[in-house]
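An overview of the molecular structure
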Amino acid sequence: MFKEALKAIKKYNRIIIHRHNYPDGDAYGSQIGLATLIKDNFPKKEVYCVGDKATRLPFMEGTMDEIPDSYYSGALAIILDCGSSKMICDDRYKTADLTVRFDHHIFCEKVADIDISDNTFESTCGMVAAFAKESKLRLSPLSAKSLYTGMVTDSGRFVFDCTTARTFELAAYLLSQPIDLNGLYYNLYAEEFEDIIAKADNMHKIKFTENKVAYIYTAKADLPKNGDAAPIVSTGLVGLMKDIKGVNIWINFTESDDGVHCELRSNKYNINPIATKYGGGGHKKASGCTVPDKATAMKLLDDLNALAITEA
């Protein structure tokens, strides 16, 4: 599966790595992990990472590069953790000489010349780890730590049912390098006291449909004042509802200048077709989309409510 990607990496002297906007641990971890992997094994190559800053992951060792348009001429662009072209952080990848994609979302469109898409992986970081292992590339502590971080976050600390025997095999492979697990988990999950209080306040906003779909709706005026973008807020709040007994589908709505960001989750049902219906996508049990207004958001909620009763 990875032979064409390795061949492309060996061929091109300049490689530019992309991922989705508002990066999570998997997007940022795969970007840093792959960039480091290429630099470690092919030190003469120019490797650049582009995209917006990962505000939620300041502890991760990586910086984004500002490069001119001319750098794409004769270059290889690699796209990571993007299920669709509209998610890609910098559309200049289209001007590269060749494009490669590694992605673990449900396939919805071809976006690269060499498209490596496999939704049986728990994370794109897992895919990159498999690529490194299968290609017999040298693995450094920074690359291993970055990839392990993405595997942890996208698998929910190895709890989500996307976790497989292969997940643990690849995690063991990454742990062959020295990784400070205590430090890693502290950086990922320790919270400021004020944020814990805010989380408790948001718990009181949870509502339920008649078929026990849980949801939180945050109006633009009620967004936190810390400067976090709406997609980051939405992703953070959706997890508050995941452990409510009797709830199999939950969703967070967050208003922004772009519309209403919707994060859909389930522990039982395939909610991806509903996200796709409203222009989004993702995984069977974790998907997202952005709708134009609250009225459309409530129609989406009605669809989830109908799914809950249909599948009950």
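Above this text you will find the structure in question.
Quick caveat, the model's predicted, so the values are computed rather than measured. Within any chain, residue numbers begin from 1 and follow the written order of that chain's sequence. Local features are withheld for residues below a pLDDT of 70 in this predicted model, meaning they are given only at 70 or higher, and side-chain atom pairs are given and counted only at 80 or more; totals for whole chains, interfaces and linings count all residues. As a rule here, side-chain values come from all non-hydrogen atoms in the structure, and water together with hydrogens is ignored.

The next point concerns the side chain of Asp-90. Where helices and strands are cited, they refer to DSSP runs of H or I of at least four residues and of E of at least two residues respectively, numbered from the N terminus. One can find Asp-90 in the loop between strand S3 (76-80) and strand S4 (98-103). Take Asp-90: its relative accessible area is 15%, and that puts it in the buried class. Two N or O atoms form a polar contact when they lie within 3.5 Å of each other; inside protein one atom must be a possible hydrogen donor and the other a possible acceptor, and for residues adjacent in sequence the pair counts only when both atoms belong to side chains. There is a polar contact of 2.9 Å between the side chain of Asp-90 and the side chain of Arg-92. By definition in these notes, contact holds between two residues if any of their heavy atoms fall within 4.5 Å. The contact partners of Asp-90, leaving out residues within four places of it in the chain, are His-18, Val-50 and Tyr-72. For the exposure calls, accessible area comes from a 1.4 Å probe over protein chains only, and a residue counts as buried if that area is under 20% of its type's maximum, exposed if over 50%, partly exposed in between.

Our focus in this paragraph is the state of the cysteines. The rule for a disulfide is simple: a pair of cysteine sulfur atoms within 2.5 Å. Tallied over the full model, the rule gives zero disulfides. Free of any disulfide, Cys-125 has its nearest neighbouring cysteine sulfur in Cys-49, separated by 12 Å. Cys-125 gets classed as buried once you look at its relative accessible area, which sits at 0%.

The subject of this paragraph is the packing of helix H3 (residues 124-134) against helix H5 (residues 165-174). The angle between two axes is taken between their N-to-C directions and runs from 0 to 180 degrees, where each axis is a line fitted to C-alpha atoms and a helix contributes only its stretch in contact. At a closest axis distance of 10 Å, the pairing of H3 and H5 adopts a crossing angle of 65 degrees. For the element pair H3 and H5, the recorded crossing hand is left-handed. Mapping the contact onto sequence places Gly-126, Ala-129, Ala-130, Ala-132 and Lys-133 in H3 and Leu-170, Tyr-173 and Leu-174 in H5. Each residue gets one of three labels, nonpolar for Ala, Val, Leu, Ile, Met, Phe, Trp, Tyr, Cys and Pro, charged for Asp, Glu, Lys and Arg, and polar for the others, Gly among them. Within the contact of H3 with H5, the residues separate by chemical class into six nonpolar, one polar and one charged. Whether a crossing is left-handed or right-handed is set by the direction in which the near helix is turned from the far one by less than a right angle, anticlockwise for left-handed and clockwise for right-handed.

Of all hydrophobic cores here, the largest spans 52 residues; its most connected members are Ile-78 and Phe-131. For this core, the leading source of residues is H3, giving seven residues. Here Phe-131 is in contact with Phe-2, Ala-5, Leu-6, Ile-9, Leu-34, Leu-37, Phe-102 and Leu-137, once residues within four sequence places are set aside. Working definition of a nonpolar core: buried Ala, Val, Leu, Ile, Met, Phe, Trp, Tyr and Cys residues. They are joined through side-chain atoms within 4.5 Å. With 22 residues, the next largest nonpolar core counts Val-213, Tyr-215, Ile-249 and Leu-307 among its residues.

A pair of Phe, Tyr and Trp rings is counted when the ring centres sit within 6.5 Å of each other, with Trp represented by its six-membered ring. The angle between the planes then sorts it: under 30 degrees is stacked, over 60 is edge-to-face, the rest tilted. Taken as a whole and judged by the stated rule, the model has nine aromatic pairs. Judged by centre distance (6.0 Å) and plane angle (25 degrees), the ring pair of Phe-2 and Phe-102 falls under stacked. Taken as a pair, Phe-2 in the segment before helix H1 (3-11) and Phe-102 in strand S4 lie far apart in primary sequence, 100 residues in all. Each member of the pair Phe-2 and Phe-102 is classed as buried. Here Phe-158 and Phe-168 contribute two aromatic rings whose centre-to-centre distance is 5.5 Å and whose plane-to-plane angle is 40 degrees, an arrangement assigned as tilted. Within this pair, whereas Phe-158 is found in the loop between helix H4 (141-154) and H5, its partner Phe-168 is found in helix H5, the two being separated by ten residues in sequence. By relative accessible area, Phe-158 is classed as buried at 17%. What makes Phe-168 partly exposed here is its relative accessible area of 47%. Joined through ring pairs, the aromatic side chains of Phe-2, Phe-102 and Phe-131 make up one cluster. Only Lys NZ and Arg CZ are tested; either one counts as a charge over a ring when it is within 6 Å of the ring centre and within 35 degrees of the ring normal. Seen from the ring of Tyr-71, Arg-14 lies directly overhead, with NZ or CZ sitting 4.3 Å from the centre.

A separate point is the sheet that holds strand S9 (residues 259-266). In short, DSSP must find at least two bridges between two strands for them to pair. Taken together, the six strands give an open sheet; going across it, the order is S6-S7-S8-S9-S11-S10, and neighbouring strands pair in mixed fashion. The open sheet is flanked by strand S6 (207-208) and strand S10 (281-282), the only strands paired with a single partner. Taken together, the two bridges between S6 and strand S7 (residues 213-218) define a ladder with antiparallel strand orientation. Bridge pairing in S7 places Lys-207 opposite Tyr-215.

Our next topic: the pairing of strand S1 (residues 14-18). Burial analysis of S1 places four of its five residues in the buried class, which makes it a mostly covered element. Inspection of the sheet shows S1 paired to strand S2 (residues 46-49) by four bridges, in the parallel sense. Bridge pairing in S2 places Ile-17 opposite Cys-49.

Backbone hydrogen bonds are what pair the strands of a sheet, in a parallel or an antiparallel way. Within the open sheet, the five strands sit side by side as S2-S1-S3-S4-S5. Their pairing is parallel. A single partner strand is all that each edge strand has here, and the edge strands are S2 and strand S5 (114-117). Sheet twist, expressed as the mean angle between neighbouring strand axes with direction ignored, is 15 degrees. Relative to S3, S1 runs parallel, the two being bridged by four bridges. Residue Ile-15 lies in a different strand from S3, and its bridge partner there is Leu-76. Contacting S1, S2 and S3, helix H2 (residues 25-41) crosses the sheet at an angle of about 165 degrees to S1.

This is a description of form; function is not addressed.
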